Each structure stands twice: as C-alpha cells, then as structure tokens.
Amino acid sequence: MDYQQNRGRQSSSKYNDRGQYHQSITFRKRDRYSNSHENYNGEFEKLIVDIDTNKVGKLIGRSGSNIRDLQDKTNTKIHIDRSSGDDTTAVTIIGSKERQQEAKSLIEELLNDSSYPPQKVENEQKEQHNRSQNNLVPFDWSQATKECDEFRKERWSKCVPVIKNFYKEHPAVANLTKEQVVNIRKTNNNIEVKYMFNEQENDTEECNIPNPIETFEQAFEIFPEILEEIRKQGFTKPSPIQCQAWPILLSGQDLIGIAQTGTGKTLAFLLPALIHIEGQPIPRSERNGPSVLIMAPTRELALQIEKEVNKYSYRGFKAVCVYGGGSRKEQVNVITKGVEIVIATPGRLNDLVEANVLNLTSITYLVLDEADRMLDMGFEPQIRKTLLDIRPDRQTAMTSATWPQGVRRLAQSYMKKPIQVFVGSLDLAAVHTVLQKIYIIDEEEKTDMMYQFFREMAPTDKVMVFFGKKSRVDDIASDLALQGANCQSIHGGREQCDREQALEDLKTGKVQILLATDVASRGIDIEDITHVLNYDFPRDIEEYVHRVGRTGRAGRMGESITFMTRRDWSHAKELINILEEANQEVPEEVYSMADRYEAWKEKRANEKQFGRLDRGDYSNRRNNRKW
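Described below are features of the structure shown in this document. (Residues numbered from 1 in each chain as written. Predicted model: local features only at pLDDT ≥ 70, side-chain atom pairs only at ≥ 80, totals over all residues. Heavy atoms only, no water.)

### Description of the overall build of the protein chain
Point 1. The helix and strand tally for the protein chain stands at 26 helices and 17 strands.
Point 2. Taking all 627 residues of the protein chain together, the buried fraction comes to 46%.
Point 3. The contacts in the protein chain between residues at least 6 apart in sequence include a share of 74% that link residues at least 24 apart.
Point 4. For the protein chain, the exposed area adds up to about 34600 Å²; of that, 46% sits on carbon and sulfur atoms. (Helix = DSSP H or I, 4+ residues; strand = E, 2+ residues; numbered from the N terminus. Buried < 20%, exposed > 50% of the residue type's maximum accessible area, 1.4 Å probe, protein only. Contact = heavy atoms within 4.5 Å. Areas by Shrake-Rupley, 256 points an atom, 1.4 Å probe, with all protein chains shown as cover.)

### Points about the nonpolar core
Point 1. Counting residues in each nonpolar core, the largest one holds 57 residues, and the members touching the most others are Phe 220, Ile 226, Leu 271, Leu 274 and Ile 341.
Point 2. Per-element accounting of this core gives the leading share, nine residues, to helix H14 (residues 265-278).
Point 3. Each residue touching Ile 341, except ones within four places of it in the same chain, is listed here: Leu 274, Ile 277, Val 292, Ile 294, Val 309, Lys 318, Ala 319 and Val 320. (Core = buried A, V, L, I, M, F, W, Y, C linked by side-chain atoms within 4.5 Å.)

### Some details on the sheet that holds strand S4 (residues 192-195)
Point 1. The eight strands are arranged S4-S11-S5-S10-S9-S6-S8-S7 in an open sheet whose pairing can be described as mixed. Two strands bound the open sheet, and with one partner strand each, they are S4 and strand S7 (319-322). The mean inter-strand angle of the sheet, taken between neighbouring strand axes irrespective of direction, is 15°.
Point 2. With four bridges connecting them, strand S6 (residues 292-295) and strand S9 (residues 365-368) associate as parallel partners. If you follow Val 292 over to S9, its bridge partner there is Tyr 365.
Point 3. Where helix H20 (residues 405-414) meets the sheet, its contacts fall on strand S5 (255-258), S9 and strand S10 (395-400), and the angle it forms with S10 comes to roughly 175°. (Pairing = 2+ DSSP bridges. Axes fitted to C-alpha atoms, helices over the stretch in contact; angles between N-to-C directions.)

### Focus: unusual backbone geometry
Point 1. Of note in the backbone geometry, Asn 189 takes a positive phi value of approximately 60° without being a glycine.
Point 2. Along the chain, Asn 189 falls in the loop between helix H9 (178-187) and S4.
Point 3. Of note in the backbone geometry, Asn 583 takes a positive phi value of approximately 55° without being a glycine.
Point 4. Locating Asn 583 in the fold gives a position in the loop between helix H25 (572-581) and helix H26 (588-623).

### Comments concerning the packing of helix H24 (residues 541-548) against H25
Point 1. Following both chains from N to C, one finds H24 and H25 inclined at 35°, their axes separated by 10 Å at the closest point. Judged by the twist between their axes, the crossing of H24 over H25 is right-handed. Each of Ile 541, Tyr 544 and Val 545 in H24 lies in contact with H25, whose residues at this interface are Glu 574, Leu 575, Ile 578 and Leu 579. (Left-handed = near helix turned anticlockwise from the far one by under 90°.)

### Re the side chain of Thr 74
Point 1. If you trace the backbone, Thr 74 turns up in helix H4 (residues 65-74).
Point 2. You can call Thr 74 buried: its relative accessible area is 0%.
Point 3. From its side chain, Thr 74 meets the backbone oxygen of Leu 70 in a polar contact 2.8 Å long.
Point 4. Apart from residues no more than four positions distant in its own chain, Thr 74 is found in contact with Arg 99, Glu 102, Ala 103 and Leu 106. (Polar contact = N/O pair within 3.5 Å; in protein donor to acceptor, adjacent residues only side chain to side chain.)

### Some thoughts on the packing of helix H15 (residues 299-310) against helix H23 (residues 496-508)
Point 1. H23 packs onto H15 with a crossing angle of 60° between their chain directions and a minimal axis gap of 11 Å. When the axis of H15 is compared with that of H23, the two are oblique. As H15 packs across H23, the resulting crossing turns out to be right-handed. Along the contact surface, H15 presents Arg 299, Glu 300, Leu 303, Gln 304 and Lys 307, while H23 presents Gln 496, Arg 499, Glu 500, Leu 503, Glu 504 and Lys 507.
Point 2. Looking at the contact of H15 with H23 residue by residue, the classes come out as two nonpolar, two polar and seven charged. (Parallel < 35°, antiparallel > 145°, perpendicular 65-115°, else oblique. Nonpolar A, V, L, I, M, F, W, Y, C, P; charged D, E, K, R; others polar.)

### Examining the packing of aromatic side chains
Point 1. By the definition in use, this model includes 11 aromatic pairs.
Point 2. Both rings, one in Phe 537 and one in Tyr 544, keep their centres 5.9 Å apart while their planes meet at 10°; by these two values the pair is stacked. Each member of the pair Phe 537 and Tyr 544 is classed as buried.
Point 3. Ring plane angle 45° and centroid distance 5.6 Å describe the contact between Trp 569 and Trp 600, whose orientation is recorded as tilted. (Phe/Tyr/Trp six-rings, centres within 6.5 Å; stacked < 30°, edge-to-face > 60°.)

In structure tokens form, the structure reads like this:
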C-alpha cells in the first residue's frame, strides 16, 4: 500500500501537474544558458531579430562553428526560423536581457563584416570560373612530343659521335655454317637469339646477328690485355650467355640478356665495357664525367659488381659504387677525382645527379642489371628520369632473370633494335645443379625442424635461411646467439656496414649460417653455399627461383629445403612446374594443394558471377517462409 502511494505521488509530481513539469524543464535550460536567475519567472525571455536570408550561412558558419561560438560567448540559445519570409529570416535569442543584447550586437558585427563575400560576389566568381573553363584549348600532345624530340635533338647534336663497333670476327667463327651455329647455341643451354620489337620478320636482319664464339680467344684475340686478365681469373671457357653476348656487344649493338643468376651475366657486359671506354675518340683526361653507368637494384648487387670490376686492372680504369647507406662524402670524393665506371642504385644515383655531383652527359655505355628486380622494387620512375639525362645514341645492355611486361615496355622505350639473348627457356626455371626438397608442415613445426637441420650440418656446410619478415630474422638470430651458435643476419633494416660484414663472414667461413630476407635473394655470389633453407615460402615463384639460385653455383651441387604450409597453397601449381622442369621429386600433397586451390578459385569465380542471383534466391526463400 505504501509502495502504491509513493508511486502515485511520484507520478503526480511529474506528469499530473503540467506547470511543475514545464517549470522543471525551463529551470534546466536556464541553468545551462544563464548565469542569473533574477529575470526568470519560470520561462525564458525571447528576443527576435530579423536578418537578411542571404546571410544565414554566415551566421551559422562552417559546420555550425559561428553559431556555437556565439552561444558559448553569450551563454544564450540562438534559434534560426527557416520557415520565415523569403527576404528575411527570424533569429530567436533566448536568455537574459543583458545576454540577448550582447548576442544581438555580436550577430550584427558578424554579418556586417566586410570580409564576408556577398552572394553576388560568389556568383560572379562562379561565372568567371565557368567562362574560363569554357575557353580552355585542348592540349596538343603530338605538338608537345614533336617539340620535345626537337629539343633533345638540339641538345645532343653537338656531341662527338660514339664509337661502338670494336669487333673483328675470328675466321673460325665467320666460317661457321648455319647448322653449326644452331648446334652451338643448342648445346650451350639452348640459347635463343633474335631481334626484338620487329613489326615484320626480316631474314636479312636475322642474318646480321653475330655467330656465337666458343673460346675467349675468338672474342678477344685483338685485345691481348683483356685475354691476360681473363687467364688470371682461371676461367676455362665462356659461359653460354657470354658466348653470344660478347659478339653482340663488341659489334656495338644493344643487348637484352635473359638468363638466371649465377650464369656469368656480369662479365658478359663488363669486358665489352672496358674496351668501349678506351675506344672513344675523346681522350679520357678530356671527358667531363664517367663513360659507363651500371644500374643495379640493391646495394649488395652493386657492391658485387664493383668487386668484379676491380678484379680486372685494365688501363688503370677506376670505378665507384654509389648506393644509399654508404658514405655519401666518400662517394662524392671519388667521383670528383675522376672515374670511368659508375655502379649505382637508382635512389643514390638521382641524389648525386640532382646535386650536380655526377654528370651523366658523358655516359656512352649503359647497363641496366637485374632490370626485373628494379621494376619490382618500384624504381621505374628513377630509371626513366636517369635515361633522359643520357645521350640517346649510347649503347645499352639490359639483363634480367625474367621477361615481364614492365621490362619489355622499358626496353622498347629506350633501346634501339636490341638483340635478345635467352639462355635456357622462356619459362621460369631453377638451376639444375640444386636438389630441391619440399616439406609440407604446420607453422608450429618450422622452428624445430630448422634447429634440427642446424644440428646436423657438416663442418664444411654453409646455409642461407630465408624469412618473410625482418623481425623473425632478428628473433632467430638472438635465439641462436643465446645458444652459443655463430651466425650472421642480413635484411633491409640493418646498417650497410653490418650487411657487408655479414656477407664477408659467410664468404670467409667465419660463420656457417646466414639468416636473411629477400634482400639477399639476388646479387649474393658466394660460390660455396651448400644449402638454402626457405623457412617462409617466398611471396612469388620468381623469388623462389632466385633463392634456390644462391646455391649450386659455379658448377657445384647444392640443396634447397623449403617449408611449405597449407596457407601457401596458392603457389603450389607454379612450384610443381619448377620442380618437374628440373626433374625433382614433387610430394603428393603439393599436387593435392594445387587441385584444392584451383577448385577454390573456380568456386569463388562462380560465386562472384552468380552472387546476386544467389542472394535473391535466398531472399525469396526467406520471404516465402511460413511462420
């Protein structure tokens, strides 16, 4: 009973007495909008001000900023009646008389501000903009291209012509029959050679392709100093890419060399470059910059090329390697003293060119090494910018392990009638001197299996372990250090000096284990690496091929071990092609993964194609359901 009485009393105080209910609301509003209660007798006082309808937007401000600011400053409530007349709009100010007058004054001040552009001015500005848009003349791209070509022609017209052809064909090579040429190319890892970007097949042009050589003497008989340098290195015969590339480059033609890593591509373009430097009409002392530029995607590859260049002490030529992470001051000092060969990564190269440290107008021999990797790393803009600063009648060589569309586009834009030399096959393939093993395991099993491999390593073994993340490299390196195991690591987050030291320690045998990301999948030329272990499957099959290529080099045998989890199933089909091409064992589970992935892709494609229909059917079934 008491509960019902209390409940009824509460209802009466809140709902039955409308005056008390209204007064409770007005008091809450008054507490919010006024500091004084003396002017209130249960209701707020209102002041109505009429303003020009065109100025309502100015009063409100962007996203209501002006009106909020006015309310905060005057402690009032301001309401705009949008249902009032067309010419004027009523603005109601709720608060004490003092606050109302203050708000009114601020509103008048705001609306009379001359900095506020009237609607008329806004309309005039819009009309002027529309007139300017209508008067635009379409840009003539053909005329702009023509003017650009004329400018470039004028810019390079005063240059001394480049001498490119230094080739004197050996009689034994010149007398080869067509059948013998075909047989030499076939026995040298199935060399394929042709002119690129010809709209029509031309038998005459095909006949102009130089025959392959089979010995060093056939290529460099008239350059005894080069032959002497080759003998110092202990080489016995040219590699397949060298057999065909040397005659092409020595005869002054542009070359696209497609071959896997570790096949002698560096020496293929380097020795003709040395001859090219010495054979130019302007003496070296009178040139205003280097003659040869070699661009490479990574610091490691650039440094590897520099080491290869320094092995050949020909005519006192000097080379410099410029790359991000190295001492910029030292690189500038070497360039200032004078060099003939610049090996560079695209970023640091552009930096030095923009700083006017490096002059590219003297470059007459250009090499784009590992062009596919440079494009993968996003260097195409830097490459194209660099090529604009090099004379168009240069000789250009491009090397690549693959032949994607981006590399084709670059070659077609900046090379003149290039001859393409394929070594092996157009299809991606791993080197056949490597035994490839695939283990299908769970993610949690990887670490234990890796440590088991480390425990079973022979004293003469060297292994590169590839990971997908830098953090995992650091974690494993720390764990091995705590266990007393001697290892090194390399990834993009380490200082350049540490990366160089890591490679040197593996090369000299100070450590047997190198932990790495894909920054080391190319350009690392350590001949006695016995194993590659793929802890994480690479992001694409091209990187798998390059990782595997770190072992089995220089005629040695190697072994690659790859941990593959079920989440890597999207790579199964391409992996099968690589393994079968190299006559490697393919685990049955890999075939199953490929089948499941293809079935899943087909299912997804069908769902996308019929997805809307399926959802409609479901909606109909739901609507027709009997409840």
